[in-house]
Each structure stands twice: as C-alpha cells, then as structure tokens.
Amino acid sequence: MDGWAPAGLTAAGLDSSSVWPGLLRHPWYLLALLCLVQILCWTAVPALIDPAPPGDVVEGFMWGREWVLLTYKHPQLPGWLLETSHLLTGSFRWPQYLVAQLTISSTFVLVYLLARDMLGQSRALAAVLLMPSVYFFGWPTPQFNHDYAQMPFWAAICWLLWRAGRGGGPGWWLALGLVSGVGLYAKFSTGLLLAFGALWLLRDARARSRLATPWPWLGLAVFLAVATPLAIALYRIDFLPLTYFAARDQWVTEHRARLYYIGVQMAGLSGLLLVLAISGLLRRSTAPEVPVERSILVYLVWMGFGPATLIMVASLFTGTGESWGAPMYNLVGVTVLAFLGHRLGAIEMRRLAICAFLCIITISGAYAALRWTGCNVRGRLDAVCWPAEPIADEAEAVWHAAAPGRLDIVGGDTQVAMLAGLNAYDKPSIFTDLDTRFAPWITRQRLRDHGMLMVWPGHDVPPQLRTWLGNLPVKTVLFNWSRTAPPLAISFAAIPPGTLYPQLAVDSRARHPRN
C-alpha cells in the first residue's frame with residue numbers, strides 16, 4: 001500500500017520537474033502546505049475582523065487564568081491552552097485563533113498517519129484533502145472550545161489504538177493510555193470514543209490477542225493515573241457538570257426541533273459530497289479495484305461513524321448541541337477513500353487539492369464578509385461584535401476612580417463582565433452568576449478584602465443586582481460598535497473593599513460542602 005501511486009499517473013509525470021508531481025512524490029509537502037494555509041487564513045481573518053473573541057473563547061480565557069482542573073461545565077484543558085497562549089504573546093487578539101488552527105492542523109496530520117498505515121500515502125493525502133470541505137473544520141473553528149479541543153485527541157486515539165491493536169510494542173499502548181487520559185481534560189465526551197474503542201478491542205481477534213500481554217494493562221494504568229485527579233475534582237464539586245448537561249439538554253429540547261441536530265450534521269457534510277462529485281470520485285472507474293482489508297473497513301466505520309451515529313439517534317430523544325459532533329467526523333475522508341480509493345487518479349487528486357485550498361480560502365473570506373456586514377451593516381450584536389477593549393478600559397477607569405488597589409473581581413451580567421475583565425490590565429477573576437458554586441475561586445474573604453466591579457448592559461439596575469449595589473453610584477457609558485446601529489449602553493458600579501455582601505449568594509458553598 002505505501003508504494004501505491006494514483007491510477008493514471010505516468011512514470012514520465014512523476015519524473016517531471018513540475019511542482020505538482022513533486023508534491024505527489026512527497027505527500028508531506030502538500031500536507032504541510034495545506035496546514036499552513038489553514039493556519040494563516042483562519043488565524044488572520046477572525047483576528048482582523050472580530051472586535052471581540054467568540055463567547056466560548058472569552059469564557060475560556062477568564063476561566064483559564066484560574067488554573068482549575070474543572071468548572072461546573074467542563075474540564076479545563078482548553079482554558080489552560082488559552083491562558084498559556086496569552087502568557088506567551090501578551091495578546092487576546094489573535095493567539096486563540098492560532099491555538100484553534102494548530103489543533104485542526106494537528107488533526108489533519110494524525111488522520112494522515114492513520115490513513116497512511118491503512119491505505120498508503122496517496123490515499124491518505126486524498127483523505128485529508130477532503131477534510132476542509134467538512135463544515136466543522138472551517139467556519140466554527142475560530143470559536144475554540146471543548147468541542148474543538150477534542151479533535152486531535154480523537155484522531156490520535158484512533159491512530160494509536162489501531163497501531164497498538166495491530167501488534168505495536170509497549171510504546172503504543174502507553175501512548176494510548178496517556179493520550180486517552182489527557183483527552184478527558186478536553187471534554188468528558190472523549191469517553192464515548194474510548195467506549196467504542198474498547199468494544200472494538202474486544203471484538204477484533206488480532207487486537208484481543210494483545211490483551212494476553214502486559215502492555216494493554218500498563219496503558220490502562222497510565223490512563224487511570226492521568227484521569228484520577230479529574231475524577232476526584234468531579235466528586236468534590238458535586239458532579240456539577242452533570243447538572244449543567246441536564247439543564248443544557250432541557251434548553252435544547254425546548255428550543256430546537258427534534259431533527260435539528262441531524263439536519264445540522266447533514267448540512268455540515270454536504271460540502272464533502274459536493275467535492276467528491278467535483279473530483280470525480282463518485283463516477284465509475286475502469287481502474288481495477290484494490291481491495292481493502294475487511295478489518296480496516298470495520299474499524300473505520302465503527303470508530304469513524306459509530307459515535308456520530310449514536311449521538312444522532314440520541315438527539316431524537318434528548319437535547320444535543322449542534323457542535324457536539326465536531327470531533328466525530330475526523331475519519332470521514334479516510335472511510336470514503338477506503339471504499340472509493342481505486343477511482344483516485346492524477347486528475348482526481350489534482351481536483352481534490354484545488355477544492356481543499358479553495359474551501360479554506362473562500363470560506364474564510366465568506367466568514368470575513370458576513371461577520372463584518374453582520375456587525376456594521378445589519379447591526380446584529382453577535383458575540384464577536386462587542387467592543388471588548390473599550391469596555392475593559394472603561395471598567396478599569398471606573399474601578400480605579402472609585403476604589404484603591406487593583407481590580408480583582410468582576411461580576412454582574414456574566415457575559416459583559418467577562419468582556420470587562422478580559423483585556424483589563426489587572427486580570428481580574430470572573431464571579432460567574434454571582435454564585436460560588438460556579439466560581440469557587442471567589443470567597444467571602446476575597447470579596448471583603450478586594451471588592452468587586454459590577455458590569456451589566458443597559459441603564460437600569462437588574463433586580464438580581466439591587467441587593468448587591470444598594471445606593472452605590474452607577475456610571476453608564478455608551479460604546480460605538482456598529483456603523484449603522486445605535487451605541488451600546490454598559491453600566492458600571494464599584495463595590496469597594498470592606499463591603500458586606502448578601503448572605504445567600506456568597507454562602508451558597510455552605511449548601512455544597514464538597515465544593
């Protein structure tokens with residue numbers, strides 16, 4: 001398989017000094033070029049167009065600076081990566097987009113490695129060239145969150161499990177255990193892929209025979225050692241992520257149609273079908289079919305489509321977020337090439353490459369156009385339209401004019417308070433929903449010692465904030481954010497150190513002693 005060349009590519013073509021045959025002789029070059037274009041386009045475009053990061057990214061930054069293992073929503077590996085990117089660059093403007101594209105490009109490379117082992121270099125390259133046509137590898141990627149942080153882990157687990165199950169040495173099993181454990185820190189749903197992998201390991205005779213050696217069990221020990229701190233942290237916060245999941249499930253069920261999730265997944269794969277048609281891989285070919293091992297097909301279908309299919313079926317009965325399937329389509333290109341690879345020739349490969357680069361460039365260009373017009377022409381206040389830096393500058397000015405010391409805590413309307421704290425020089429902590437269950441880094445003593453800045457949209461004080469503010473002065477500032485829409489009103493109120501706070505809101509931890 002590794003020496004296989006695309007059908008119809010002549011020896012003379014391979015010996016030519018042109019760039020294209022050279023790229024085919026060295027698939028790593030074309031793969032590197034694909035990753036480079038992906039990184040450049042999807043880092044530069046949102047960094048230049050979006051005044052504020054997407055909502056999940058702001059949340060990740062604010063939680064990442066607390067360096068906790070787990071919040072009431074998810075494990076915090078994405079937050080750690082975001083905070084690290086800020087510490088290395090000093091910016092909140094572009095590094096988060098670079099981190100997102102590094103995870104996407106890493107996924108491309110890991111998928112290539114798996115496909116190369118199964119199908120050879122050329123088909124592996126073709127499989128990766130199909131990936132930019134899948135919605136989940138393009139438009140949503142600027143919002144780096146737990147769904148996208150999982151992507152390279154899912155691809156790595158699939159590759160490592162295959163190599164280990166095919167007779168790989170102890171290093172493959174130990175790496176599998178380590179990557180599987182760390183993958184849970186990206187999101188708990190990585191456990192779904194691990195469950196499918198365990199079932200495959202028990203079913204496949206060759207892989208099952210490896211269980212008679214000590215290496216799979218050492219890999220399991222590594223996995224348990226890595227995952228145990230996360231399990232302890234989950235217990236200590238009273239399994240709040242499960243409560244969050246139930247609340248999210250209820251919201252989606254009430255606000256989305258039953259077929260909404262499946263419809264989004266099918267729409268996200270429609271670009272792949274279009275590229276297959278354009279490339280000619282859907283046409284019948286006279287080239288002799290090179291059979292692929294049945295065990296390979298079973299593995300790809302099971303690991304590549306099993307989790308996605310299960311979630312689609314579950315979505316008919318429960319509320320499922322539309323981006324939850326993002327890491328579940330890593331193997332779709334490999335699976336397609338496993339069945340249609342005999343139709344791949346020089347023309348088809350060239351068309352796949354052109355389509356891949358066009359997908360990246362045109363979709364990122366469309367993102368720029370639609371985001372800019374959405375904010376400035378349509379006047380739609382999306383998360384990326386908020387004037388993040390001016391809000392943070394005003395927040396610090398209000399605080400330092402009213403209270404001594406650094407701005408240590410921001411609260412109020414959580415979304416706006418996060419924006420106020422994101423770019424602030426003092427790097428304050430967010431008091432999420434003014435509830436210590438959701439922000440365990442906030443304590444009564446810390447509030448008393450350092451005070452807090454309240455931030456919310458609009459002029460009027462929301463009812464839930466009145467008991468906190470009392471008769472404190474409120475400053476409302478108008479921020480320009482659109483060329484056509486009216487300015488945005490944001491209100492600020494500084495609660496100075498030494499203030500007494502509402503008992504119930506701050507002492508909610510007493511009702512959850514394991515927090």
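Please refer to the structure placed before this passage.
Residues numbered from 1 in each chain as written. Predicted model: local features only at pLDDT ≥ 70, side-chain atom pairs only at ≥ 80, totals over all residues. Heavy atoms only, no water.

J.: When you look at helix H10 (residues 170–186) in this model, what are you seeing that I'm missing?
T.: Residues lying three or four places apart along an α-helix face the same way, a consequence of the helix completing one turn every 3.6 residues. When the terminal C-alpha atoms of H10 are compared, their 25 Å separation across 17 residues agrees well with the 24 Å that a helix rising 1.5 Å per residue should span. Buried residues of H10: Trp173, Leu176, Gly177, Val179, Ser180, Gly181, Gly183, Leu184, Tyr185 and Ala186, and no others. Where H10 is buried, its residues contact helix H5 (77–89), helix H8 (146–149), helix H9 (151–165), helix H11 (190–203) and helix H13 (215–236). (Helix = DSSP H or I, 4+ residues; strand = E, 2+ residues; numbered from the N terminus. Expected span 1.5 Å × (residues − 1). Buried < 20%, exposed > 50% of the residue type's maximum accessible area, 1.4 Å probe, protein only. Contact = heavy atoms within 4.5 Å.)

J.: In this structure, what is going on with the state of the cysteines? I would like to understand it.
T.: A covalent bond bridging the sulfur atoms of two cysteines is what the word disulfide describes. Summed over the entire model, instances satisfying the criterion amount to one disulfide. The disulfide partner of Cys375 is Cys385, and the S-S distance across this bridge is 1.8 Å. Measuring handedness by torsion sign, the sulfur bridge of Cys375 and Cys385 sits at about -80° and is left-handed. Of this pair, Cys375 sits in helix H18 (residues 346–376) while Cys385 sits in the loop between H18 and helix H19 (388–402); the two residues are ten residues apart in sequence, bridging distant segments of the chain. Under the relative-accessibility criterion, Cys385 is labelled buried at 2%. (Disulfide = S-S within 2.5 Å.)

J.: Help me out: how do you make sense of the nonpolar core in this one?
T.: As a rule of thumb, nonpolar side chains are buried together in soluble globular proteins. Counting 162 residues, the largest nonpolar core has Leu453, Met454 and Phe492 as the members making the most contacts within it. Residues contacting Leu453, with those up to four places away along its chain left out, are Ala395, Val398, Trp399, Leu407, Ile409, Val410, Gly411, Phe492, Ala493 and Ala494. (Core = buried A, V, L, I, M, F, W, Y, C linked by side-chain atoms within 4.5 Å.)

J.: Got a minute to help me understand H5 in this structure?
T.: For H5, built from 13 residues, the straight-helix expectation of 18 Å at 1.5 Å per residue is met to within 8% by its first-to-last C-alpha distance of 18 Å. Every buried residue of H5 is listed here: Leu77, Pro78, Gly79, Trp80, Leu82, Glu83, Ser85 and His86. Contacts from the buried residues of H5 go to helix H4 (55–64), helix H6 (95–119), H8, H9 and H10. Looking one or two residues past H5, Gly90 carries a phi angle of roughly 75°, positive in sign.

J.: Any chance you could explain the packing of aromatic side chains here in plain terms?
T.: The geometry of an aromatic ring pair is captured by the separation of the ring centres together with the interplanar angle, meaning the angle of the planes. Overall, the coordinates contain 20 aromatic pairs when judged by the stated rule. Note on Tyr135 and Phe136: the rings are 5.3 Å apart at their centroids and 75° apart in plane angle, and the pair reads as edge-to-face. Ring centres 6.0 Å apart and planes at 85° place the aromatic pair Phe431 and Trp468 in the edge-to-face group. Of this pair, Phe431 sits in the loop between strand E2 (429–430) and helix H21 (444–450) while Trp468 is found in helix H22 (residues 463–469), placing the two residues 37 residues apart along the sequence. Here the two residues Phe431 and Trp468 agree in accessibility, since each one is buried. (Phe/Tyr/Trp six-rings, centres within 6.5 Å; stacked < 30°, edge-to-face > 60°.)

J.: I'm lost on a nonpolar patch on the surface in this one. Help?
T.: On the surface, Leu259, Val313, Leu316 and Phe317 cluster together into a nonpolar patch covering about 410 Å² of accessible area. On the secondary structure map, Leu316 appears in the loop between helix H16 (294–315) and helix H17 (332–340). By relative accessible area, which is 33% here, Leu316 ends up partly exposed. (Patch = residues over 30% accessible without salt bridge, like charges linked within 9 Å, V, L, I, M, F, W, Y side chains within 5 Å. Areas by Shrake-Rupley, 256 points an atom, 1.4 Å probe, with all protein chains shown as cover. Salt bridge = Lys/Arg side-chain N within 4 Å of Asp/Glu carboxyl O.)

J.: Explain the environment of Ala493 here, please?
T.: Its location among the elements puts Ala493 in strand E5 (residues 488–495). Ignoring any residue separated from it by four or fewer positions in sequence, one finds Ala493 in contact with Met452, Leu453, Met454, Trp456, Leu469, Pro473 and Val474.

J.: Before we go on, may I ask you to explain the pattern of salt bridges in this structure?
T.: When the charged atoms of two side chains lie near each other, side chains of opposite charge can form a pair. Going through the model one piece at a time under the given rule, you end up with eleven salt bridges. Here Glu83 ties to Lys427 by a salt bridge, and the two come within 2.7 Å at their closest N and O atoms. In this pair, Glu83 sits in helix H5 while Lys427 sits in the loop between helix H20 (414–422) and E2, placing the two residues 344 residues apart along the sequence. Overall, Glu83 belongs to the buried group, its relative accessible area being 2%. A residue is classified by how much of its surface remains accessible, and Lys427, at 26% relative accessible area, is partly exposed. Where Asp147 meets Lys187, a salt bridge forms, and the shortest distance between an N and an O atom there is 2.6 Å. Remark: Lys187 occurs in the loop between H10 and H11 and Asp147 occurs in helix H8; sequence separation between them is 40 residues.

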